[in-house]
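Observations on the three-dimensional arrangement
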Amino acid sequence: MFCKNCGQMINDGQQVCLNCGVKAGSGSAFCANCGNQVTPGADVCTKCGASVKAGGFGKYDKMTIALICFFLGGLGIHNFMLGENKKGIVRIVASLCFGLGYILALIDFVKILTDNYTVDPNGII
Ligand SMILES: [Zn+2]
Ligand SMILES: [Zn+2]
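Residues numbered from 1 in each chain as written. Chains lettered and ligands numbered in written order. Predicted model: local features only at pLDDT ≥ 70, side-chain atom pairs only at ≥ 80, totals over all residues. Heavy atoms only, no water.

Glancing now at the side chain of N79. Mapped onto the elements of the fold, N79 is located in helix α2 (residues 77-81). The buried category is assigned to N79, whose relative accessible area is 0%. Filtering out sequence-adjacent residues up to four positions away, N79 remains in contact with E84, N85, K87, G88, R91, D108 and Y117. (Helix = DSSP H or I, 4+ residues; strand = E, 2+ residues; numbered from the N terminus. Buried < 20%, exposed > 50% of the residue type's maximum accessible area, 1.4 Å probe, protein only. Contact = heavy atoms within 4.5 Å.)

Turning our eyes to something else, we now look at the pattern of salt bridges. For the structure shown, the criterion picks out four salt bridges. Residue K23 is joined to D115 by a salt bridge in which the shortest nitrogen-to-oxygen separation is 3.9 Å. A residue pair is termed long-range when its members are at least 10 positions apart, and K23 in the segment before α1 (62-72) and D115 in the segment after α4 (100-113) qualify at 92 residues. Note on D115: relative accessible area 45%, which makes it partly exposed. A salt bridge links D115 to K62; the nearest nitrogen and oxygen atoms lie 3.1 Å apart. (Salt bridge = Lys/Arg side-chain N within 4 Å of Asp/Glu carboxyl O.)

This next bit is on the packing of aromatic side chains. Counting across every chain of the model gives three aromatic pairs. Pairing F57 with Y117 gives two aromatic rings, centres 6.0 Å apart and planes at 40 degrees, and the pair type is tilted. Separated by 60 residues along the polypeptide, F57 in the segment before α1 and Y117 in the segment after α4 bring together distant segments of the chain. Like Y117, F57 is buried. With centroids separated by 5.2 Å and ring planes inclined at 90 degrees, the aromatic side chains of F70 and F71 adopt a geometry described as edge-to-face. Note on F70: relative accessible area 45%, which makes it partly exposed. The exposed category is assigned to F71, whose relative accessible area is 59%. One aromatic cluster in this structure is built from F70, F71 and F109. (Phe/Tyr/Trp six-rings, centres within 6.5 Å; stacked < 30°, edge-to-face > 60°.)

If you want it as structure tokens, here you go:
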């Protein structure tokens, strides 16, 4: 990914940008997906179409997703809202079987609150 503050390339798993020193994922001046400079206030990158909104939850804000995850996470509602349909289905099935979907949702909830949640439309867990 790219630093959203200065546009420099940063490695996956790296916590801070070595160029400008801000936490990876913070800032909104550059696209994290392609490094293109984005217009202030824009919702998506005009070059690659990726969402550039702060928090990385598309059109939803962090607290909305966190609350929905907490109360409805076992049914995968927050996953469906973020376009993670496979994850949502896994949570419903896991909840129906052993209630495990709620444990997965609780892990998501903690990740969302600590800014460690990554939206992955192809992920299953
Ligand atoms: Zn930077
Ligand atoms: Zn882009």
